[in-house]
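# Residue-level structural notes
These are the residues of each chain, in order.
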Amino acid sequence: MSDTYFEILRPGTNTTIQDKGRSHLYHIGITISGAMDQRIFILSNALVNNDLNEGALEFAYQGPLLKLKNGGVNFAITGNVNFNILRGNSTIEEGKCYQNYLLKNEDQIDIISTKNSVFGYLAIEGGFEIEKVWDSYSINTKAKIGPNDGEKFSAGEKIYIKKSKVENFMEKKIDYKDSLEKSIRVTKGTNFNYFSEEAKNKFFKDEYLVTNLSDRMGMRLEGSKLDNIVSSNIKSEGLVKGVVQVPADGNPIILFSDHGSIGGYPKIAVVITADHDKAAQLIPGSKLKFKEVNLDEAEELFKSYFNETKNYIEQIK
Amino acid sequence: MIKNISNLGDAAIYCDFGKEVNEQINSNVISYFNHLKKLVKEKKIEGITNLTPSYNKLIISFDLSITNFKKIKKILEILKITNNNQQDSKKIKIPICCEKEYALDLISLSEKLKISVNKILDLNLNKEYFCYMTGFIAGMPFLGDIHESIRVDRLQTPRVKVPKGSVGITEQFCNIYTYESPGGWNIIGNTPLKIFDKLNLNNPALIKPGDKVSFYKISKQEYLNWNE
């Protein structure tokens, strides 16, 4: 085991380690977790020559201040993030996302904040010295599952690093562009017909406000109330990431990575896989509009999403 | 056995086994679940990432970069599955202490139902339950059906914290809180037994869908001395 580690001088708002997520455990009540923005999580690993599912630090809003001890690392940050690199000799270097950097012993990374977005990722070459739980690095702080006893990282903790030095450092860069399509595309949910004609129209026509009650479990929206004409409860059944459920108060909730494995609210829609990342990055106070697509279109959109990710990775090979 | 197959988003299949909640329909769900789980384990089906059985539904999640709705639907249509639940189910006995400090809602329940405390407990202890599903919180079993005379709604105001190990009832079901958690079920006792063990990585959940579960009463002393 290497003796190289990051000392956490400031933990940030919600800093955890994440990967693609857990599978095959929904049936015992353990949800998928995993990076909220899967694409830029993958790209953070690609930038430092990692396996694309290696665990990376996920931070939200304010990120951590980390000091490197006993070694050197190759790191990259992805997202729309303000950060500085504090070199040992006390010079401050402004960091740029989507490129890698060489960090030397005693240098610090100060992740100040995400800009007009929620999540960012920090990956290091070789990965963190953290043991997987149920085959995943992902921490679920609500269910207290995952490494670090299922807790977010706190000040004073040490995060050990697998590789203690960097060999053959090569600069890499991705020219990342945010998606131009702003609407959140959905397919109809399994309870779409529980809602009145008026509600169905409003759902696609009106704008919804992202509220403060948003986290890794889900995003509560506010806007036109959706009138349920059948029942505001269904028999509890399985849930998946992207489900838009509507409790009795008529306000929709989009479920994200740490959602409960089962639930009993009617599902009006499901966000297409290609738009999960975009939806997760919406900050409270922003507005969103849902747009209906059919299953074939959703699958085509996923192919484009998948190929775009691949193209970004090709840029740095 | 599957009445209807539809898509739940672009990366999951929604199998509906019928409107009712009963053991027959649920054991059909579980038969499919067990069969598919085996096929996934033996790598005979590609791309499935999760199988979620519930009372009358089975949701199959998949990785859209490997497979899709049409492919999995086709597999489901040619699968020949018979109700095989019996062979996979086990019988589990759970100790329960029903002293006042653990049975938080027993007295109010007795007043509401106009049935004595002892009668409520007997009706619970004398029944072998069937585990319909586990979930909501890790390992929480949804057991049923409880006796008709003790079926009640959820609490008007759910508790912010239900103690770990609490045994609750509502509608036709009985559950066990595997962790301290918010919840609105009527609490009639508490078990010292570890129902979910997150350190047991291979087999964390004691009770699985399809298992038969019954309770036996223990004293407060036995509860306090419980040692696994």
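Residues numbered from 1 in each chain as written. Chains lettered and ligands numbered in written order. Predicted model: local features only at pLDDT ≥ 70, side-chain atom pairs only at ≥ 80, totals over all residues.

### Focus on the overall build of chain A
Helix and strand counts for chain A come out as four helices and 21 strands. Relative to the globule expectation of 20 Å for 317 residues, the C-alpha radius of gyration of chain A, 20 Å, shows essentially globular dimensions. Counting only C-alpha atoms, chain A reaches 65 × 35 × 30 Å along its principal axes. Burial statistics for chain A: of 317 residues in total, 49% are counted as buried. Within chain A, contacts between residues at least 6 apart in sequence are counted, and of these 77% link residues at least 24 apart. (Helix = DSSP H or I, 4+ residues; strand = E, 2+ residues; numbered from the N terminus. Rg over C-alpha atoms; globule rule 2.2 N^0.38 Å. Buried ≥ 20, exposed ≤ 12 C-beta atoms within 10 Å, placed from the backbone. Contact = placed C-beta atoms within 7 Å.)

### Side note on the overall build of chain B
Per the secondary structure count, chain B includes six helices and 13 strands. Counting only C-alpha atoms and orienting by the principal axes, one finds that chain B spans roughly 55 × 35 × 35 Å. Counting across all 228 residues of chain B, residues that qualify as buried make up 46%. Pairs at least 24 apart in sequence give 63% of the contacts found in chain B among residues at least 6 apart.

### Overview of the interface of chain B and chain A
Taken together, the contacts link 38 residues of chain B with 29 residues of chain A. Sorting the residues of the side of chain B that touches chain A by element identifies β1 (4-7), β2 (12-16), β3 (48-53), β4 (57-62) and β6 (129-134) of chain B as the ones contributing at least two each. Partitioned by chemical class, the residues of the side of chain B that touches chain A number 21 nonpolar, 14 polar and three charged. (Nonpolar A, V, L, I, M, F, W, Y, C, P; charged D, E, K, R; others polar.)

### Overview of the domain arrangement of chain A
Residue and element names in this part refer to chain A. On domain assignment, one finds that chain A holds domain 1 (5-160) and domain 2 (184-301). One C-alpha centre belongs to domain 1, the other to domain 2; they are set 29 Å apart. Per-class residue counts for the side of domain 1 that touches domain 2 are six nonpolar, nine polar and three charged. (Domains from an automatic or database assignment.)

### Some thoughts on the pairing of strand β1 (residues 5-10) of chain A
Residues and elements named next belong to chain A. With three bridges joining them, β1 and strand β11 (residues 158-160) adopt antiparallel strand pairing. Within the sheet, the bridge partner assigned to glutamate 7 lies in β11 and is lysine 158. Where β1 and strand β4 (residues 65-69) come together, five bridges link them in antiparallel fashion. Bridge pairing links isoleucine 8 to leucine 66 in β4. (Pairing = 2+ DSSP bridges.)

### Quick look at the domain arrangement of chain B
It is common to give the size of an interface as the accessible area that goes away when the parts come together. All names here are of chain B. Structurally, chain B comprises domain 1 (4-87) and domain 2 (91-224). Each of domain 1 and domain 2 has a C-alpha centre, and these two points are 28 Å apart. If one sorts the elements of the side of domain 1 that touches domain 2 by residue count, helix α1 (residues 23-41) sits on top with five residues. Within the side of domain 1 that touches domain 2, the residues separate by chemical class into four nonpolar, four polar and one charged.

### Describing unusual backbone geometry
Only a minority of non-glycine residues have a phi that is not negative, and only a minority of peptide bonds are not trans. Residue Asp145(B) is bonded to the preceding Gly144(B) through a cis peptide linkage, with omega at -10°. With phi around 60°, Asn70(A) is a residue other than glycine that occupies positive phi space. Considering the arrangement of structural elements, one finds Asn70(A) in the loop between β4 and β5 (73-78). Positive phi is not limited to glycine here, since Asp135(A) has a value of about 65°. One can find Asp135(A) in the loop between β10 (119-124) and β11. When the 12 C-beta atoms within 10 Å are taken as the criterion, Asp135(A) is described as exposed.

### Digging into helix α5 (residues 117-125) of chain B
Residue and element names in this part refer to chain B. Listing the buried residues of α5 in full gives Ile120, Leu121 and Asn124. Seen along its axis, α5 keeps its buried residues to an arc of 95°; they face one direction. Taken together, the buried residues of α5 touch α4 (106-113), β12 (186-190) and β13 (212-217). (Arc of directions from axis to C-beta.)

### Let's talk about the sheet that holds strand β16 (residues 243-245) of chain A
The strands that make up a sheet pair up through hydrogen bonds in the backbone, lying either parallel or antiparallel. The strand order across the open sheet built from eight strands is β20-β13-β14-β17-β16-β19-β12-β21 (chain A), with neighbouring strands paired in mixed fashion. Edge strands, defined here as strands with exactly one partner in the open sheet, are β20 (287-288) and β21 (290-292) of chain A.

### A look at the sheet that holds strand β2 (residues 16-18) of chain A
Residues and elements named next belong to chain A. Judged by pairing direction, the sheet is antiparallel, and its five strands sit side by side in the order β2-β3-β10-β5-β8 without closing on themselves. Unpaired on one side and paired on the other, β2 and β8 (100-103) mark the two borders of the sheet. Averaged over all adjacent pairs, the angle separating strand axes in this sheet is 35°, with direction ignored. Sheet topology places β5 next to β10; four bridges connect them, and they run antiparallel. Bridge assignment links isoleucine 77 to a residue of β10, and that residue is leucine 122. The sheet strands contacting helix α1 (residues 38-47) are β2, β3 (56-60), β5, β8 and β10, and the helix crosses β10 at an angle near 25°. (Axes fitted to C-alpha atoms, helices over the stretch in contact; angles between N-to-C directions.)

### Let's talk about the pairing of β1(B)
All names here are of chain B. Here four bridges tie β1 to β2, and the two strands are oriented antiparallel to one another. Opposite serine 6, over in β2, you have tyrosine 14 as the bridge partner. Between the end of β1 and the start of β2, which pair antiparallel, lie four residues, with glycine 9 showing a positive phi angle near 70°.

### With respect to α4(B)
Structural remark: α-helix, 3.6 residues per turn; residues separated by three or four positions point the same way. Buried residues are scarce in α4(B), accounting for zero of its eight residues. Following α4(B) by one or two positions, Lys114(B) has its phi on the positive side, about 55°.

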